[in-house]
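Okay, here's what each chain looks like letter by letter:
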Amino acid sequence: MTKNLHLEQPEDQILSGDLSVLDWFAANSHISVKMDGAPALVWGTNPENDRFFVGTKSVFNKKKVMICYTPEDIALYYSHNHKLQDILLTCLDYLPRTNNIYQGDFIGYGMRDEYTPNTITYKFDEVVQSDIIIAPHTQYLGATIKDSIALPLSEVLDSTDEVMFVQPTVDCMYTFQDSVKAIRKSVEKSKFLSDKQAKEVRIILNAFIREGKSISPQLLEQIVGDWTLTQAYFQVLDIKEQMMESMVVYDGPKSFIGDMPVACEGYVRSNKFGSMKLVDRYQFAQANFNNTRFRSN
């Protein structure tokens with residue numbers, strides 16, 4: 001269980017010698033499809049006052065906490081962004097009341113069959129009749145919003161006439177214990193990076209991805225300074241890609257980047273070793289890095 005933290009890529013974890021990522025690949029897991037909506041929405045009942053609220057991830061802010069119980073709250077906090085105001089007002093009106101706290105991605109308003117909320121275009125089999133479409137993925141537990149713990153959403157939320165909840169079903173067809181054993185034998189000889197160094201390397205890698213540049217093993221060795229660690233990074237990357245290719249999504253809308261069909265944005269895989277995302281960084285992440293929609297919210 002984790003606080004509301006940014007999900008990491010598994011290959012990045014190996015840079016600092018976090019070998020639990022190998023156990024993460026081999027463990028039984030809950031898997032969900034990572035939908036590419038915007039903005040991120042948080043809603044539910046505040047356990048401190050029993051009031052229903054909506055908001056963005058700003059409800060978790062350390063200083064300026066932005067929890068919206070009323071239309072007046074939405075106008076106060078989001079006067080600079082009329083589009084976001086409209087979305088939150090609609091969510092305040094239409095989201096089913098619940099005693100829980102959920103997070104999800106806004107896909108769009110109903111009465112269409114195609115939506116591009118962020119980078120990926122989603123095409124539904126038929127026109128959506130609900131007023132709004134949301135892809136929920138996380139539930140929060142705790143006595144306060146500030147100290148709540150994030151858990152992957154395992155229950156299926158019931159759609160209503162007003163809200164369509166999109167939660168595609170996904171299975172992984174293979175296991176990866178043998179691949180993990182092979183990596184574990186070789187990775188122990190690596191010269192791992194400190195947490196600070198690993199963070200700096202991730203910034204460099206993301207900069208390359210943002211610019212559409214590929215990262216070769218030779219280039220990564222120059223960056224991290226160790227060939228064995230470089231090999232381990234690409235071995236973990238290879239397992240991640242194999243795992244993504246083995247995913248089967250049984251329902252949900254078709255996905256495109258431009259005119260190119262894609263499986264989906266990616267997946268979130270959670271087990272006792274943590275939650276991490278499986279995303280094709282060169283197909284999706286570069287496009288997402290350069291998409292400024294709702295970037296400031």
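Quick note: structure is the one above.
Residues numbered from 1 in each chain as written. Predicted model: local features only at pLDDT ≥ 70, side-chain atom pairs only at ≥ 80, totals over all residues. Heavy atoms only, no water.

## Considering the packing of helix H7 (residues 217-224) against helix H8 (residues 227-245)
For the record, the criterion: Lines fitted to the C-alpha atoms define the axes, with helices restricted to the stretch that makes contact. Angles between their N-to-C directions range from 0 to 180 degrees. By definition, any uninterrupted DSSP run of H or I lasting at least four residues is a helix, any uninterrupted run of E lasting at least two residues is a strand, and each is numbered from the N terminus. Angles below 35 degrees are treated as roughly parallel, those above 145 as roughly antiparallel, those between 65 and 115 as roughly perpendicular, and all remaining angles as oblique. Left-handed describes a crossing in which the near helix is turned anticlockwise from the far one by less than a right angle; the clockwise case is right-handed. Two residues qualify as a contact provided that any one of their heavy atoms is within 4.5 Å of a heavy atom in the partner residue. Three classes are used, and their members are as follows: Ala, Val, Leu, Ile, Met, Phe, Trp, Tyr, Cys and Pro are nonpolar, Asp, Glu, Lys and Arg are charged, and the others, Gly among them, are polar.
Interaxial distance between H7 and H8 falls to 9 Å at its minimum, and their mutual angle equals 125 degrees. One element, H7, and the other, H8, form an angle in the oblique class. Of the two possible hands of crossing, H7 and H8 adopt the one that is right-handed. Counting all contacts with H7, which are made through Pro-217, Leu-220, Glu-221 and Val-224, the residues of H8 involved are Trp-227, Leu-229, Thr-230, Tyr-233 and Phe-234. The residue makeup of the contact of H7 with H8, split by class, is seven nonpolar, one polar and one charged.

## What about the packing of aromatic side chains?
We count it as follows: Here the aromatic set is Phe, Tyr and Trp, taking the six-membered ring for Trp, and pairing holds for ring centres within 6.5 Å; pairs whose planes are under 30 degrees apart are stacked, those over 60 apart are edge-to-face, and all others are tilted. Relative accessibility under 20% of the residue-type maximum defines a buried residue, over 50% an exposed one, and the middle range a partly exposed one, all with a 1.4 Å probe and only protein chains included.
One pass over the full model with this rule turns up seven aromatic pairs. Judged by centre distance (5.9 Å) and plane angle (45 degrees), the rings of Trp-43 and Tyr-102 are tilted. Highlighted residues: Trp-43 in strand S2 (residues 40-46) and Tyr-102 in strand S4 (residues 101-109), separated in sequence by 59 residues. Take Trp-43 and Tyr-102: they sit in the same class, and that class is buried.

## Overview of the pairing of S4
To keep it simple, the criterion reads: Two strands are counted as paired when DSSP detects at least two bridges linking them.
The buried count for S4 comes to eight of nine residues, which makes it a mostly enclosed element. Here S4 pairs with strand S7 (residues 132-141) via eight bridges, running antiparallel. Pairing of Phe-106 across the sheet is with Ile-134, part of S7.

## Observations regarding the sheet that holds strand S6 (residues 121-123)
With antiparallel pairing, four strands are arranged side by side in an open sheet as S5-S6-S12-S13. Every interior strand has two partners, whereas the edge strands, strand S5 (114-115) and strand S13 (260-262), have only one. The sheet contact formed by S5 and S6 spans two bridges and is antiparallel. From the neighbouring strand, Tyr-115 faces S6, where its bridge partner is Tyr-122.

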